[in-house]
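One letter stands for each residue in the lines below.
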Amino acid sequence: MSPSRGKHMISLSYTAAFVNLGIAGSLFGPCLLQLAHNTCSTLMQMSALLTSRSLLYCLGSGIAGPIFERIENSGRCTALALLATGLSSFPIPFITNYYILVAVATLQGFMMGCLDCGGNYAIVQLHGGDGPEMQLLHFGFGLGAWLGPTAVGIALQFAGMSWAWAGVGVVHMAMGLVFCALPPLRKTTKPEPETETACEDLQRSPGHGINRVALIVFCCIFLLVYVGLETAVGNFLAVYGEMALHMSKETATWLTSVYWGGLAIGRLLAIPLSMVLSAKSLLFLDLAGSVGTVTLFWLYPSGSLVWVTAGLLGLCFASAFASLLGFADRCLQMTGKLTGVLMFFAAVGEFSSPLITGWVLQQKSVWYFSYLIAFSVCLTFVVFLMMICIAGTLEKTSKQRTQATVADIQLPDASETIVDNDNDQIPLAL
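Please read all numbers here as calculations on a predicted model, not as lab measurements.

(A) The packing of aromatic side chains, seen in detail. Across all of its chains, the model carries 13 aromatic pairs by this definition. On the basis of an interplanar angle of 70 degrees and a centroid distance of 4.9 Å, the ring pair of Tyr-14 and Phe-179 is categorised as edge-to-face. Taken together, the residues span a long stretch of sequence, with Tyr-14 in helix H1 (residues 3-38) and Phe-179 in helix H6 (residues 161-180) at a distance of 165 residues. Using a relative accessible area of 0% as the deciding quantity, one classes Phe-179 as buried.

(B) Highlighting the pattern of salt bridges. Per the stated rule, a full pass over the model turns up one salt bridge. Two residues, Glu-230 and Arg-267, come together in a salt bridge whose shortest N-O distance is 3.4 Å. In this pair, Glu-230 is assigned in helix H8 (residues 206-243) and Arg-267 in helix H9 (residues 249-276), connecting sequence segments 37 residues apart. Here Glu-230 matches Arg-267 in class, with each residue buried.

(C) Examining empty space enclosed by the protein more closely. All chains considered together, the criterion is met by five cavities of 30 Å³ or more. Of the pockets and cavities examined, the largest cavity occupies roughly 320 Å³. Residues belonging to the lining of the largest cavity are distributed by class as follows: twelve nonpolar, eight polar and five charged.

(D) Main features of the nonpolar core. The biggest cluster of nonpolar side chains holds 116 residues, and the ones touching the most others in it are Leu-49, Phe-222, Tyr-259, Phe-317 and Leu-342. Other than its neighbours up to four places away in sequence, Leu-49 contacts Phe-28, Tyr-98, Leu-101, Val-102 and Ala-105.

(E) Summary view of the environment of Gly-234. Within the fold, Gly-234 resides in helix H8. Relative accessible area serves as the criterion here: at 2%, Gly-234 is assigned to the buried category. Sequence separation between Gly-234 and Ala-310 is 76 residues; the distance between their C-alpha atoms is 9.9 Å. Here Gly-234 is in contact with Gly-29, Thr-256, Tyr-259 and Trp-260, once residues within four sequence places are set aside.

(F) Structural detail: the side chain of Gln-135. Along the chain, the position of Gln-135 falls in helix H5 (residues 132-158). Of note is the side chain of Gln-135, whose polar atom sits 3.2 Å from the side chain of Ser-323. Those residues in contact with Gln-135 that sit more than four places away from it in its chain are Arg-267, Ala-270, Ile-271, Ser-274, Leu-282, Ser-319, Ala-322 and Ser-323.

Thresholds, definitions, all that
- Residues numbered from 1 in each chain as written.
- Predicted model: local features only at pLDDT ≥ 70, side-chain atom pairs only at ≥ 80, totals over all residues.
- Heavy atoms only, no water.
- Phe/Tyr/Trp six-rings, centres within 6.5 Å; stacked < 30°, edge-to-face > 60°.
- Helix = DSSP H or I, 4+ residues; strand = E, 2+ residues; numbered from the N terminus.
- Buried < 20%, exposed > 50% of the residue type's maximum accessible area, 1.4 Å probe, protein only.
- Salt bridge = Lys/Arg side-chain N within 4 Å of Asp/Glu carboxyl O.
- 1 Å grid on protein atoms, 1.4 Å probe; cavity = no way out; pocket = protein on both sides within 12 Å on 5 of 7 lines; lining within 4 Å.
- Points joined across faces, edges and corners; volume = space filled by probe spheres on them.
- Nonpolar A, V, L, I, M, F, W, Y, C, P; charged D, E, K, R; others polar.
- Core = buried A, V, L, I, M, F, W, Y, C linked by side-chain atoms within 4.5 Å.
- Contact = heavy atoms within 4.5 Å.
- Polar contact = N/O pair within 3.5 Å; in protein donor to acceptor, adjacent residues only side chain to side chain.

If you want it as structure tokens, here you go:
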């Protein structure tokens with residue numbers, strides 16, 4: 001098998017794995033109230049369950065980065081994560097003890113975090129972060145996130161919730177067997193800079209180091225808030241539909257499906273757009289659209305427009321995650337450790353948002369859901385503006401250093417002379 005064909009096979013396999021990851025990640029939202037009924041739990045307790053699950057997701061993301069960077073055949077780790085996630089899906093709809101459900105859900109979250117970090121790291125190593133392959137990977141997640149609530153809606157109408165979870169288990173285990181047969185990951189070697197001394201001086205520059213750390217911090221904050229926002233909408237939109245808009249359980253499930261469907265379509269559109277637009281431009285389009293959509297949702301939080309805003313929210317959130325990774329790879333050069341750090345903070349947002357959202361909805365009102373979304377979107381936009389400023393400073397510093405180094409190594413002019421050891425002047429020009 002040619003190296004190019006092997007790279008594309010691995011990329012498509014990870015995209016299929018992210019479809020499974022999206023399905024597993026989006027099932028809890030539409031099943032939340034039913035699982036609460038099965039375990040005789042409150043909404044606050046179920047929010048704590050989601051937090052525990054996401055906390056282990058966070059831990060798995062942080063651990064997986066260095067592991068995937070060190071081992072030769074990282075596909076075996078991905079296979080293990082897929083098989084464990086599949087096995088843990090089968091008992092979930094039948095568990096009647098809250099603490100057992102927490103234990104199973106957290107184990108599943110840990111394995112999903114490993115899969116998430118491993119997939120992003122693999123694509124960065126194979127193709128770089130700023131390209132259509134990364135957008136394709138996250139389109140797979142968006143497609144799966146739409147299929148999850150859709151499967152629950154169909155199962156509730158015909159067979160029952162347990163069949164949806166059983167289907168998730170089967171496809172995860174089948175995908176795990178596929179990864180057992182994949183060739184080892186061949187990492188792409190990034191070209192060395194022409195002037196190594198210039199790059200070393202740039203890394204040692206105090207201003208550059210501070211700006212680099214600041215950019216990493218703001219990228220982490222961006223992912224924390226953005227992923228928390230995406231998770232909160234996915235997990236609580238059905239709850240909002242049932243409790244605030246008095247929808248039936250099936251109708252509220254379809255509302256969540258519209259949101260994830262918009263996200264899947266947006267990530268599909270991001271694949272060709274990433275070929276003509278930079279990651280920074282895609283991020284700006286996502287966030288500008290999110291601000292406009294949230295304004296519409298804030299002004300009209302009920303009625304038929306809620307279906308439109310649900311789809312538009314998913315559409316505008318779509319490519320932000322992948323574009324942020326591409327932006328970070330372009331400015332910071334992604335490594336396994338840095339990928340792990342970014343995935344860790346993304347998982348922090350994922351585990352903290354259910355707890356915060358559940359507390360606000362229970363202590364205040366379900367109608368506060370729209371205020372939480374508006375605040376998160378505005379905060380994300382401000383963080384993005386800070387990232388752009390710091391990245392511009394980094395780029396300017398890099399250009400100045402490179403120009404200074406090139407000027408230092410310029411060859412002497414033909415009209416100049418060289419002085420030998422005997423103090424005789426030897427003209428260069430004949």
